[in-house]
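# Analysis of the macromolecular model
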Amino acid sequence: MRFALMTQDKPGAVQTRMDNRDAHLAYIADTGVVEMAGPMLDDDGQMCGSLIVLDMDDMAAAQAWADNDPYAKAGLFESVTLRAWKKVIG
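No experiment lies behind these values; they were computed from the predicted model shown.

All told, the structure shown has 2 salt bridges when counted by the stated rule. Of the charged contacts in the structure, one is a salt bridge between Arg2 and Glu35, with a shortest N-O distance of 2.7 Å. Highlighted residues: Arg2 in strand β1 (residues 2–9) and Glu35 in strand β2 (residues 34–41), separated in sequence by 33 residues. Overall, the relative accessible area of 34% leaves Glu35 in the partly exposed class. One salt bridge connects Asp9 with Arg17, and the closest N-O pair in it is separated by 2.8 Å.

By convention here, two paired aromatic rings are described through the distance between centres and the angle between planes. All chains considered together, the criterion is met by 2 aromatic pairs. Residues Tyr71 and Phe77 carry aromatic rings whose centres are separated by 6.2 Å and whose planes lie at 90 degrees to one another, so their mutual orientation is edge-to-face.

Hydrogen bonds between backbone groups are what pair the strands of a sheet, and the pairing can be parallel or antiparallel. Ordered by their spatial adjacency, 4 strands build an open sheet running β2-β3-β1-β4, and the pairing between neighbours is antiparallel. At either margin of the open sheet sits one strand with a lone partner, and together these are β2 and β4 (77–85). Shown here is a sheet whose adjacent strand axes are inclined to one another by a mean of 15 degrees, direction ignored. One ladder, built from 7 bridges, connects β1 with strand β3 (residues 47–55); its direction is antiparallel. For Gln8, the partnering residue across the bridge sits in β3 and is Gly49. Contacting β1, β2, β3 and β4, helix α1 (residues 14–31) crosses the sheet at an angle of about 15 degrees to β3. Strand contacts of helix α2 (residues 59–68): β1, β2, β3 and β4, with the helix running at about 155 degrees to β4, the strand carrying the most contacts.

How each quantity is defined
- Residues numbered from 1 in each chain as written.
- Predicted model: local features only at pLDDT ≥ 70, side-chain atom pairs only at ≥ 80, totals over all residues.
- Heavy atoms only, no water.
- Salt bridge = Lys/Arg side-chain N within 4 Å of Asp/Glu carboxyl O.
- Helix = DSSP H or I, 4+ residues; strand = E, 2+ residues; numbered from the N terminus.
- Buried < 20%, exposed > 50% of the residue type's maximum accessible area, 1.4 Å probe, protein only.
- Phe/Tyr/Trp six-rings, centres within 6.5 Å; stacked < 30°, edge-to-face > 60°.
- Pairing = 2+ DSSP bridges.
- Axes fitted to C-alpha atoms, helices over the stretch in contact; angles between N-to-C directions.
- Contact = heavy atoms within 4.5 Å.

And the structure:
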């Protein structure tokens with residue numbers, strides 16, 4: 001089952017994102033459940049959030065993954081939305 005994890009960074013948190021980026025990318029590689037991912041960009045092209053599509057057994061597993069993301073543990077996010085997602089195109 002797929003889940004869309006959509007996050008918005010706290011204002012002025014670009015350095016927090018950069019300080020934890022390597023750990024975040026390693027977590028993605030190590031867990032092997034991310035189908036696609038990338039940063040959201042603000043009007044100036046700066047990273048300001050994330051969109052991650054997870055392939056997990058259920059919502060509880062997806063929530064656990066999101067909670068253990070190094071970005072989440074670093075307190076990067078102002079808001080987080082996690083929803084079941086159905087791929088139709090692509």
